[in-house]
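The residues making up each chain are set out below.
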Amino acid sequence: MTILIFIIVLWYGGLFFQTFFLHRYAAHQTYTMSKLTERIVFILTWFFQGSNYLSAYGYGVMHRMHHAYADTEKDPHSPKYDLSVFAMMWRTKTIYTDINKQKIEVEPKFTKNVPQWKSFDAFASSWFSRVAWGVAYFAFFLAFSTAWWQWLFFPVALFMAPIHGVIINWYGHIYGYVNFKSKDTSKNLFKFDFLMMGEGYHNNHHKHSSRANFGGVRWHEIDVTYMIMLLLNALGIIKLKPNTVKVRREL
Ligand SMILES: [Zn+2]
Ligand SMILES: [Zn+2]
């Protein structure tokens, strides 16, 4: 039971900071926050993503490229152009690393205002940090697993972020329903996104990428991350930009 709770905390904790911070803040800038809050969120992202830490800069720039070039040859990840899910993830990893190391040239519109904390990113993305988290997960499993099958979740803990990436970037461009017809292949994976905290409303998001709420087009599309953002906004921790909160029922 302890192991299951641990995996659930890692799953939703890591995912929350991916969608709330990396996606809706770094890439799409749907809200603002103070520099101090931003730094705290950087540290919380490292805490919850652990061995899978993704930098806001690498993610933000790459993700803007995904929106600009969705399902074309220039898309950093697309099931249309990659032969297998592993080929896609390997290419994604390579492009992400090249952006972070500034090995490839990217247009200024992709880097504009993307937050970056270079020294912290260098530490949180280091092999030292990743391996230390891996060892900590291993020690936790060793201490609390009560049956052999619980170890099946160990690789899930180690590769949480790539698993989340596969669900949205691969399956979210193949399976599901469509609210908005578009040139790209984005789909809404679930009627109620219990698994991906709103990221699963991927077709809605491709249509209205600057909107803070990924759900809200159909009555059953409840975006849990957006609910938390409304709370943080009410508490004054973040400030939602007015043009990002319009929830229009278009269907
Ligand atoms: Zn997409
Ligand atoms: Zn996006």
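Relevant structure appears above.
Residues numbered from 1 in each chain as written. Chains lettered and ligands numbered in written order. Predicted model: local features only at pLDDT ≥ 70, side-chain atom pairs only at ≥ 80, totals over all residues. Heavy atoms only, no water.

Enquirer: Teacher, can you tell me more about the overall build of the protein chain here?
Expert: In terms of regular secondary structure, the protein chain is built from 11 helices and two strands. Beginning at the N terminus, the succession of helices and strands in the protein chain can be written as α-β-α-α-α-α-α-α-α-α-α-α-β. If you line up the protein chain on its principal axes, its C-alpha atoms span 50 × 45 × 40 Å. Of all 251 residues assigned to the protein chain, the portion counted as buried reaches 53%. The long-range fraction of contacts in the protein chain, counting pairs at least 24 apart against all pairs at least 6 apart in sequence, stands at 67%. Averaging the positions of the 26 positive and the 15 negative side-chain charges in the protein chain gives two centres separated by 5 Å. (Helix = DSSP H or I, 4+ residues; strand = E, 2+ residues; numbered from the N terminus. Buried < 20%, exposed > 50% of the residue type's maximum accessible area, 1.4 Å probe, protein only. Contact = heavy atoms within 4.5 Å. Lys, Arg positive; Asp, Glu negative; His and termini not counted. Charge placed at Lys NZ, Arg CZ, Asp CG, Glu CD.)

Enquirer: What is the right way to look at the side chain of Thr45 in this model?
Expert: Assignment of secondary structure puts Thr45 in helix H2 (residues 35–49). Residue contacts for Thr45: discarding those within four places in its chain leaves Phe17, Phe21, Gly50 and Tyr53.

Enquirer: Would you explain the packing of helix H1 (residues 2–27) against helix H11 (residues 224–234) in this entry?
Expert: Describing two packed helices takes the angle between their axes plus the distance from one axis to the other. Packing of H1 against H11 brings their axes to within 10 Å, and their N-to-C directions diverge by 70°. Here H1 lies roughly perpendicular to H11, going by the angle between them. Relative to H11, H1 is oriented so that their crossing is right-handed. Along the contact surface, H1 presents Phe16, Thr19, Phe20 and Arg24, while H11 presents Thr225, Tyr226, Ile228, Met229 and Leu232. For the contact of H1 with H11, the per-class residue count stands at six nonpolar, two polar and one charged. (Axes fitted to C-alpha atoms, helices over the stretch in contact; angles between N-to-C directions. Parallel < 35°, antiparallel > 145°, perpendicular 65-115°, else oblique. Left-handed = near helix turned anticlockwise from the far one by under 90°. Nonpolar A, V, L, I, M, F, W, Y, C, P; charged D, E, K, R; others polar.)

Enquirer: Whenever I open this one, the coordination of the zinc ion (ligand 1) confuses me. Can you help?
Expert: In an ideal tetrahedron of four donors about a metal, each angle is 109.5 degrees. In an ideal octahedron of six donors, the angles are 90 or 180 degrees. The zinc ion (ligand 1) binds to the protein through His66 (NE2), His173 (NE2), His202 (NE2) and His206 (NE2), with metal-donor distances spanning 2.0 to 2.1 Å. With four donor atoms in place around the zinc ion (ligand 1) and angles of 97 to 147° between them, the coordination shape is irregular. For the zinc ion (ligand 1), all donor residues lie on one chain, and their spacing in sequence is H-x106-H-x28-H-x3-H. With His66 in helix H3 (residues 56–68) and His202 in helix H10 (residues 202–207), the pair connects residues that are 136 residues apart, well separated along the chain. Taken as a pair, His66 and His202 share a single burial class, namely buried. (Donors = N, O, S within 2.8 Å, 3.2 Å for Na, K, Ca; no water. Tetrahedral: all angles 85-135°; square planar, octahedral: opposite > 155°, others 65-115°.)

Enquirer: When you look at the side chain of His23 in this model, what are you seeing that I'm missing?
Expert: Residue position: His23 is located in helix H1. In terms of polar contacts, His23 uses its side chain to reach the side chain of His205, at 2.9 Å. Sequence-distant contacts of His23, that is, excluding residues within four places in its chain, are made with Gln18, His28, Tyr59, His63, His67, Glu199, His205 and Phe214. (Polar contact = N/O pair within 3.5 Å; in protein donor to acceptor, adjacent residues only side chain to side chain.)

Enquirer: What's the story with helix H7 (residues 127–144) in this structure? I'm lost.
Expert: At 3.6 residues per turn, the α-helix brings residues three or four places apart onto the same side. With 18 residues, H7 extends 26 Å between its outermost C-alpha atoms, agreeing within 8% with the 26 Å of an ideal straight helix rising 1.5 Å per residue. Buried within H7 we find Ser129, Arg130, Trp133, Gly134, Tyr137 and Phe141. The arc that holds the buried residues of H7, viewed along the axis, is 135°, so those residues lie on one side. Residues of H7 that are exposed and angled more than 90 degrees away from the buried face: Trp127, Phe128, Val135, Leu142 and Ala143. Elements that come into contact with the buried residues of H7 comprise H1, H2, helix H6 (118–124) and helix H8 (154–158). (Expected span 1.5 Å × (residues − 1). Arc of directions from axis to C-beta.)

Enquirer: Could you clarify how one ought to interpret the coordination of the zinc ion (ligand 2) in this entry?
Expert: The zinc ion (ligand 2) binds to the protein through His23 (NE2), His28 (NE2), His63 (NE2), His67 (NE2) and His205 (NE2), with metal-donor distances spanning 1.9 to 2.2 Å. Every donor residue of the zinc ion (ligand 2) comes from the same chain, spaced as H-x4-H-x34-H-x3-H-x137-H. Highlighted residues: His67 in helix H3 and His205 in helix H10, separated in sequence by 138 residues. Comparing His67 with His205 shows no difference in burial state: the two are buried.

Coordinates in, geometry out; function isn't part of it.
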